[in-house]
Amino acid sequence: MKTRIKEFRARHNLTQEDLARKVGVRRETIVFLEKGKYNPSLQLAHDVAKALKTTIEELFIFGK
Amino acid sequence: MIGNPKWFERRKYGGWGIHPKTWQGWLYIAIILIPFVMFQALPYWDNETRMYVTIGWVAFLLLDTTHIMVALKRDERESKIESMSERNAAWVMVLILAVGILYEAISSALQQTFKVNIFLIIALFGGMIVKTISNIILERRAL
């Protein structure tokens, strides 16, 4: 799984810490999410998408 | 309760429980530990007083540690990691308990006296009961 979290985060001028605080997780979780090394729950994916004012489909790219 | 959860973090490496994260956490440990050690070092108290103070101290420590551990927040990734490592640890403990019971049963049977440590059996069955109850509750709950 790839994500565009870093790209959207930069667009909104948010640090990893800012985003982590907004969605209620630790910064490390955002780091792993950005690297595509953590498969989030639907709730967290929704929260991150909402914080970055986008949709889950835009943010997470699932390979076939 | 005295300890603030912000001063501590869960022990991930080398055991269970919590360890200080900030200087306030270390201060908390010093404030809890030093008066107790000083009390025990002084010769003025009889054994009964020492015993009651020790029981009270241990009870307070257990309560406060439990309160801190419950209040410590984990995000979903941390919860997943903790669940998996706790499961792995539980499996190793169950395996060792089962081997221990088997060893005691076989070695005592060979000596014509069947004797197995009751605490090993209670630990194994206790774990089994907790697992069963957890499964019943968790299967009904929206996770």
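This one's a predicted model, so the numbers in the text were calculated from it and none came from an experiment. (Residues numbered from 1 in each chain as written. Chains lettered and ligands numbered in written order. Predicted model: local features only at pLDDT ≥ 70, side-chain atom pairs only at ≥ 80, totals over all residues. Heavy atoms only, no water.)

## Quick notes on unusual backbone geometry
Peptide bonds are trans in most cases, and residues, glycine excluded, mostly fall at negative phi.
Line of reasoning, step 1. Positive phi, normally seen in glycine, also occurs at Lys53(A), with a value near 50°.
Line of reasoning, step 2. Residue position: Lys53(A) is located in the loop between helix 4 (42–51) and helix 5 (56–59).
Line of reasoning, step 3. A relative accessible area of 64% places Lys53(A) in the exposed class.
Line of reasoning, step 4. Even without being glycine, Gln112(B) reaches a positive phi, approximately 65°.
Line of reasoning, step 5. Mapped onto the fold, Gln112(B) is located in the loop between helix 3 (76–110) and helix 4 (118–140).
Line of reasoning, step 6. Here Gln112(B) falls in the exposed class, since its relative accessible area comes to 72%. (Helix = DSSP H or I, 4+ residues; strand = E, 2+ residues; numbered from the N terminus. Buried < 20%, exposed > 50% of the residue type's maximum accessible area, 1.4 Å probe, protein only.)

## Observations concerning the domain arrangement of chain B
Line of reasoning, step 1. Here chain B is described as being made up of domain 1 (5–71) and domain 2 (76–141).
Line of reasoning, step 2. Between the C-alpha centres of domain 1 of chain B and domain 2 of chain B the distance comes to 29 Å. (Domains from an automatic or database assignment.)

## As for the packing of helix 1 (residues 23–41) of chain B against helix 2 (residues 47–71) of chain B
Residue and element names in this part refer to chain B.
Line of reasoning, step 1. One way to put it is that helix 1 packs onto helix 2 with a least axis distance of 11 Å and a crossing angle of 170°. Compared by their axis directions, helix 1 and helix 2 come out roughly antiparallel. Residues Tyr28, Ile32, Leu33, Phe36, Phe39 and Gln40 of helix 1 pack against Thr49, Arg50, Val53, Thr54, Trp57, Phe60, Leu61 and Asp64 of helix 2.
Line of reasoning, step 2. Grouping the constituent residues of the contact of helix 1 with helix 2 by class yields nine nonpolar, three polar and two charged. (Axes fitted to C-alpha atoms, helices over the stretch in contact; angles between N-to-C directions. Parallel < 35°, antiparallel > 145°, perpendicular 65-115°, else oblique. Contact = heavy atoms within 4.5 Å. Nonpolar A, V, L, I, M, F, W, Y, C, P; charged D, E, K, R; others polar.)

## With respect to the packing of aromatic side chains
Line of reasoning, step 1. Enumeration over the complete set of coordinates arrives at five aromatic pairs over all chains.
Line of reasoning, step 2. Ring centres of Trp7(B) and Tyr28(B) lie 6.4 Å apart, and the angle between their planes is 55°; on these two criteria the pair is classed as tilted. With Trp7(B) in the segment before strand 1 (8–10) and Tyr28(B) in helix 1, this residue pair connects regions lying 21 residues apart in the sequence.
Line of reasoning, step 3. Classification of Tyr28(B) as buried rests on a relative accessible area of 9%.
Line of reasoning, step 4. Seen in terms of ring centroids, Phe39(B) and Trp45(B) are 4.8 Å apart; in terms of plane orientation they differ by 20°. Their pairing is stacked.
Line of reasoning, step 5. Under the relative-accessibility criterion, Trp45(B) is labelled partly exposed at 33%.
Line of reasoning, step 6. Among the aromatic residues, ring-to-ring pairing joins Trp7(B), Phe8(B) and Tyr28(B) into one connected group.
Line of reasoning, step 7. The ring centre of Phe8(A) lies 4.4 Å from the NZ or CZ of Arg11(A), which sits over that ring.
Line of reasoning, step 8. The ring of Phe32(A) carries Arg77(B) above its face, with NZ or CZ at 3.7 Å from the centroid. (Phe/Tyr/Trp six-rings, centres within 6.5 Å; stacked < 30°, edge-to-face > 60°. Lys NZ or Arg CZ within 6 Å of the ring centre and 35° of its normal.)

## Here's the deal with the interface of chain A and chain B
Line of reasoning, step 1. Contacts between chain A and chain B engage 11 residues on the former and five residues on the latter.
Line of reasoning, step 2. When chain A packs against chain B, close to 690 Å² is buried across both sides, 42% of that on carbon and sulfur atoms.
Line of reasoning, step 3. In terms of surface lost to chain B, no three residues of chain A exceed Arg26(A), Thr29(A) and Tyr38(A), which account for 62% of the buried area on that side.
Line of reasoning, step 4. Seen at the junction of chain A and chain B, the total is one salt bridge.
Line of reasoning, step 5. The shortest N-O distance in the salt bridge between Arg26(A) and Glu78(B) comes to 3.0 Å. (Buried area = accessible area lost by both parts, 1.4 Å probe. Salt bridge = Lys/Arg side-chain N within 4 Å of Asp/Glu carboxyl O.)

## Digging into the nonpolar core
Line of reasoning, step 1. Core analysis: the largest hydrophobic core is formed by 18 residues, its most contacted members being Ile5(A), Leu19(A), Val23(A), Leu33(A), Val48(A), Leu52(A) and Leu59(A).
Line of reasoning, step 2. Those elements that provide at least two residues to this core are helix 1 (5–11), helix 2 (16–23), helix 3 (27–34) and helix 4 of chain A.
Line of reasoning, step 3. At five residues, helix 4 of chain A tops the list of elements feeding residues into this core.
Line of reasoning, step 4. Judged by nonpolar contacts, the second largest core, of six residues, contains Phe8(B), Ile18(B), Tyr28(B) and Leu72(B). (Core = buried A, V, L, I, M, F, W, Y, C linked by side-chain atoms within 4.5 Å.)

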